[in-house]
Structures are given as C-alpha cells and as structure tokens.
Amino acid sequence: MYRIGSGAGFSGDRIDAPQSVVRAIAAAGEGGAVIFETLGERTLALGQIAKRQDPLRGYEPLLDDILEPILAPCIAAGIVVVGNFGQANPPAAARAIQDLATRLGLGTVRIAIVTGDDLVGRVDLTQTERWDGDGRLPGLDGDVIAINAYLGAGAIADAIRSGAQVVVTGRVADPALALGPLVAHFNWSWTDLDRIAAGTLVGHLLECGSQVSGGFFADPGFKDVPDTADIGFPIAEVDADGSFVITKADGTGGLVDLRTVKEQLLYEIHDPAAYLTPDVTLDITGVELQQVGPDRVRVTGARGHQAPHKLKATVSVYGDWLGEAEISYAGPNALARARLAITTIDERLRRRSLPVRHRSDIIGTVSAFDSDDGDLLAAFGSVPAGDYRVRFAFGGNSQREVERAVQEVNALYCCGPAGGGGVRQSVRPRVRTLSHMVPRDLVEMGFHFAGGEP
C-alpha cells in the first residue's frame, strides 16, 4: 500500500491543513507522498507578472508558511513532497525551499525541478486550435505573457526514482501530482493504461483538497458536515492493482462518504467516458464506490485509453484595467438609496463621456445571478429596510479613465444618496487566459536537481 495525501487544493488554501495529513502518513511508517495543487490558470498568469517584476518571485506566496511545519517531518518519514507551487518560477521556489531547509537545520535537500511547460518561442499560436471549452471567449488581443503546457507525470516519477525528496513543478495536469509518485513507487508501466487511469483518478479525487472530504460539499440541513473549522484533508491508500481507499486523518473534521466522493468524482468531468489528461484518457463509467468504514470509501474500476495526441496549453495575455468600488446603505429605504447610487453613477459616466464598460450589483438582492445589464435587479421588489452593499465594476483600456470612474463612487460620500459609507476601491491590470491545443512534439519534459546535484 502507498499513501498519498492532499496538502492544498488551490493557492490560498489553509496553511495548517497538511500537518494532520503528514502526521497520519508518517504514523503508518511506510513513507508516501503529500501533494500540493496551488496553480490555476489565473494564478499562473499572476505568477508570470510577479516574476517579471522580480526574478526571485513568481512562485506560491505562501510556500514558507505551508512547508515550514511539515518539511522536517516529511524528510524524516520518507514522505515525498510534490507540488506545482513553483507556478511561473520553479527554480526560485526550489531555492526558497532549500533556504527554509537550511534554516530548519536539515542540510541539503534533494529538490527536483520539473521543466518543459514553458512554450514561449516554441509555438506559433496562429497555427494551433482553440480548446473547445474556451470557444465562446474573445480571441487573443494583447501582449502574450506566457504559454504553459499541461505536462504529464513522467518527469515527476523519474525525479522520485532518482531520489528526489521534494519535486517542484510549474504547470502540470493536476492528477499528475499523484500519478507521478504512484508510478515511481509501484513501477507501473506507462502502457498499462488501466493502472495509469487508476492513478490519475487518485489525483483527480485529491486535487481539490477538502472538496472530497466534506468542504465544498457542506450545506447545513441538507448535507451536514462536522467541524468544518478543522476539516481533514484527504488521504488515498493505494494498492498495486490501482484500487484505493479515500480517507482522512483520525480526529479531524469533515467526512468522507459515498456522496462526497461522487461529487468530486464528477467534478470538471466533461465526458465520463473520456476525461482527457496528458498521460491517459480516463474512463470512469465503470467506477464503483463502496463505503468500507467510517470516513473510508473504496474506489475501483477506472479504465484507461490512449492519451490524446495534443496537449492543452494556457496562454496568458495582458488585458485591460479593472476598477472596483463598493459602498454600503442600511436602514429604512436602503434599497431605494442603493438604486439611486447606481443610477447616479450611470449618469455621471455618461456626462463625463468615460469610455469604460461597467456593471453595478446590489449585494443582498440578486447580485450573484444578475447579468451585466441588471435585468434581475430591475425586477427585484422594494423592501422598507435592509442592509445592502453596492458594487461597481469598471473595465477599460486606459488606466486613467478607469481611475476616474472609480473616483465617482468615492464622491458618493457627500454627493449622495444619504447614508452611504464604507467605500473601498481598487484599480489593477487584468490578465486574460485562453487555452490552445499544441502538438506533443513541441514539449520537452524533463527535470533537474536544484544546485546542480547529480
């Protein structure tokens, strides 16, 4: 049996979550791995911008906070740390991890850096096709920041076989974080597609952290989850045949049952018979789940087919400027005052001929589901009193024009309507991402050890 735990499901996840996972895996005394999925498309683009501003940045900003409590226990227990927390700058992340290890008195740690996802200068985007999931989005319009291919698990497995204690990646497919350690441990063949599919499914269930152990599942009165303040992140106990059990550390909150696993099983699956990953096409139509104990669900039946001929790549481009501003209204007639704030800003933008796109939402009404035109808000009935937050968003190519639009919201303090307060405002550049499909032969995946270690 091989144990893999999830330490994070996104950038900004709970920094103390990995600690109970590592303790549980270490207590079994058989080594294992803990994976960190901290990289979304937008996260990667922001990392690229941070790297351009400072060549020592561009990796997961919470890296030290996440790893400091667990790095020494992982090394002592033979638990491999694998994470895409390298984001846009894996070498800088590796240096930061070694600096942390030195501060902790751990000496030199064998840190592998996975390479090959950066395709800038290697691909002509005009000769590639758009990923169909982005088919309705506007085309590329702006300077390209980065092009990053979704890599498979091969280099991760090779690095662990070569003795890596920590593996730092940039853009890899999320399930690859778990598949790599499994291939290295069990020595699975890449042509054994059912086992590769099973390892991919392990990664798919772990990749979003506590979503599979009750976090995003929780809905009081309908789907009750105990102690969400101390939710246990998931651990997979994997056998050599590819079957596995999803569980969590004893004594933690959350739950693992058939419902939580079913929800995560279907998460972001566009075709249950053909979930495309760089390593395999995963077929979950024959997967069976069995509750085998408290917080223990056994998963079997994953099937694999040939991997796709092309890889998905995230293209990051500079977009326009985004301005946001908010103001609150409360008490009698608050909704009417909030509506007046919106019509006032609409008219101010018209009078000043500010060339910005904008939308307005009254939080506490129908803001989550309304259109940019406010169709639902227009039909929302008035109430005599309430507590409302009005949010304005402005988009434009000119930073100065967006700043002027945001300033108009700040002016509502004294220009009315009555009783407005708590203005917050920001203006920042926006990054757009699109996904394209690229030929596999453009991608040269590999790894090397930090510090030039053999």
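About the cut-offs
- Residues numbered from 1 in each chain as written.
- Predicted model: local features only at pLDDT ≥ 70, side-chain atom pairs only at ≥ 80, totals over all residues.
- Heavy atoms only, no water.
- Helix = DSSP H or I, 4+ residues; strand = E, 2+ residues; numbered from the N terminus.
- Buried < 20%, exposed > 50% of the residue type's maximum accessible area, 1.4 Å probe, protein only.
- Contact = heavy atoms within 4.5 Å.
- Salt bridge = Lys/Arg side-chain N within 4 Å of Asp/Glu carboxyl O.
- Core = buried A, V, L, I, M, F, W, Y, C linked by side-chain atoms within 4.5 Å.
- Phe/Tyr/Trp six-rings, centres within 6.5 Å; stacked < 30°, edge-to-face > 60°.
- Polar contact = N/O pair within 3.5 Å; in protein donor to acceptor, adjacent residues only side chain to side chain.
- Pairing = 2+ DSSP bridges.
- Axes fitted to C-alpha atoms, helices over the stretch in contact; angles between N-to-C directions.
- Expected span 1.5 Å × (residues − 1).
- Parallel < 35°, antiparallel > 145°, perpendicular 65-115°, else oblique.
- Nonpolar A, V, L, I, M, F, W, Y, C, P; charged D, E, K, R; others polar.

1. Notes on the overall build of the protein
Logical step 1: Broken down by element type, the protein carries 13 helices and 19 strands.
Logical step 2: Projected onto its principal axes, the C-alpha coordinates of the protein cover approximately 70 × 55 × 50 Å.
Logical step 3: Looking at the protein as a whole, 52% of its 454 residues are labelled buried.
Logical step 4: Within the protein, contacts between residues separated by at least 24 positions form 77% of all contacts whose residues are at least 6 apart in sequence.

2. Overview of the pattern of salt bridges
Logical step 1: For the structure on display, the rule yields 25 salt bridges.
Logical step 2: With a shortest N-O distance of 3.3 Å, Arg 122 and Glu 444 are connected by a salt bridge. One end of the pair, Arg 122, is in the loop between β4 (111–115) and β5 (129–130); the other, Glu 444, is in the loop between β18 (421–439) and β19 (446–449), and 322 residues separate them in sequence.
Logical step 3: By relative accessible area, which is 37% here, Arg 122 ends up partly exposed.
Logical step 4: Glu 444 gets classed as exposed once you look at its relative accessible area, which sits at 56%.

3. Observations regarding the nonpolar core
Logical step 1: Membership of the largest hydrophobic core comes to 65 residues, with the highest contact counts inside it found for Val 167, Leu 201, Leu 205, Ile 246 and Val 299.
Logical step 2: Of the residues forming this core, the biggest block, 8 residues, is contributed by helix α7 (residues 176–186).
Logical step 3: In contact with Leu 205, other than residues within four places in its own chain, are Val 212, Phe 244, Ile 246, Val 261, Gln 264, Leu 265 and Val 299.
Logical step 4: Ranked by size, the runner-up nonpolar core spans 33 residues in total, among them Ile 66, Leu 67, Ile 79 and Phe 85.

4. A few points about the packing of aromatic side chains
Logical step 1: With the rule as written, the count across this model stands at 5 aromatic pairs.
Logical step 2: When the centroid spacing of 5.3 Å and the interplanar angle of 15° are considered together, the rings of Phe 186 and Trp 188 count as stacked.
Logical step 3: By relative accessible area, Phe 186 is classed as buried at 17%.
Logical step 4: Among the residues examined, Trp 188 registers a relative accessible area of 6% and is labelled buried.
Logical step 5: Relative to Phe 449, the ring of Phe 447 lies with its centre 5.7 Å away and its plane at 90°, an arrangement referred to as edge-to-face.

5. Looking at the side chain of Thr 365
Logical step 1: Its location among the elements puts Thr 365 in the loop between β16 (357–363) and α11 (375–378).
Logical step 2: You can call Thr 365 buried: its relative accessible area is 19%.
Logical step 3: A polar atom in the side chain of Thr 365 sits 2.4 Å from the backbone oxygen of Ile 362.

6. A few points about the side chain of Thr 169
Logical step 1: Of note, Thr 169 is situated in the loop between β7 (166–168) and α7.
Logical step 2: Under the relative-accessibility criterion, Thr 169 is labelled buried at 0%.
Logical step 3: Leave out the neighbours within four places in its chain, and Thr 169 touches Gly 83, Asn 84, Phe 85, Gly 86, Gln 87, Pro 90, Val 114, Ile 156 and Leu 177.

7. Some points on the sheet that holds strand β11 (residues 281–283)
Logical step 1: Taken together, 3 strands build an open sheet; the order of strands is β10-β11-β14 and the sheet is antiparallel. Two strands lie at the open edges of the sheet, namely β10 (275–276) and β14 (303–305), each paired on one side alone.
Logical step 2: In this sheet, β14 lies alongside β11 in antiparallel orientation, the contact comprising 3 bridges. Of the residues in β14, the one forming a bridge with Asp 283 is Arg 303.
Logical step 3: Its contacts with the sheet place helix α8 (residues 193–206) against β10, β11 and β14, and it is angled at close to 110° to β14.

8. A word on α8
It helps to recall that an α-helix has 3.6 residues per turn; residues three or four apart then point in one direction.
Logical step 1: End to end, α8 covers 20 Å across 14 residues, agreeing with the expected 20 Å (1.5 Å per residue, within 8%).
Logical step 2: Most of α8 sits out of view: 11 of its 14 residues are buried.
Logical step 3: Taken as a whole, α8 has its buried residues at Ile 196, Ala 197, Ala 198, Gly 199, Thr 200, Leu 201, Val 202, Gly 203, His 204, Leu 205 and Leu 206.

9. Structural notes on the packing of α8 against helix α9 (residues 258–265)
Logical step 1: At a minimum axis separation of 9 Å, α8 and α9 run at an interaxial angle of 105°. Classed by the angle they form, the pair α8 and α9 counts as roughly perpendicular. Where α8 abuts α9, its residues Leu 201, His 204 and Leu 205 lie against Val 261, Gln 264 and Leu 265.
Logical step 2: Looking at side-chain class alone, the contact of α8 with α9 contains 4 nonpolar, 2 polar and no charged residues.

10. Quick word on the pairing of β4
One face of the sheet, then the other: side chains in a regular strand alternate in exactly this way.
Logical step 1: Where burial is concerned, most of β4 is hidden: 4 out of the 5 residues are buried.
Logical step 2: Where β4 and β7 come together, 3 bridges link them in parallel fashion. Within β7, the position partnered with Ile 113 by the bridge is Val 168.
Logical step 3: Strand direction decides the pairing type here: β4 and β19, joined by 4 bridges, are antiparallel. Following the sheet pairing, Ala 112 is matched in β19 by Phe 449.

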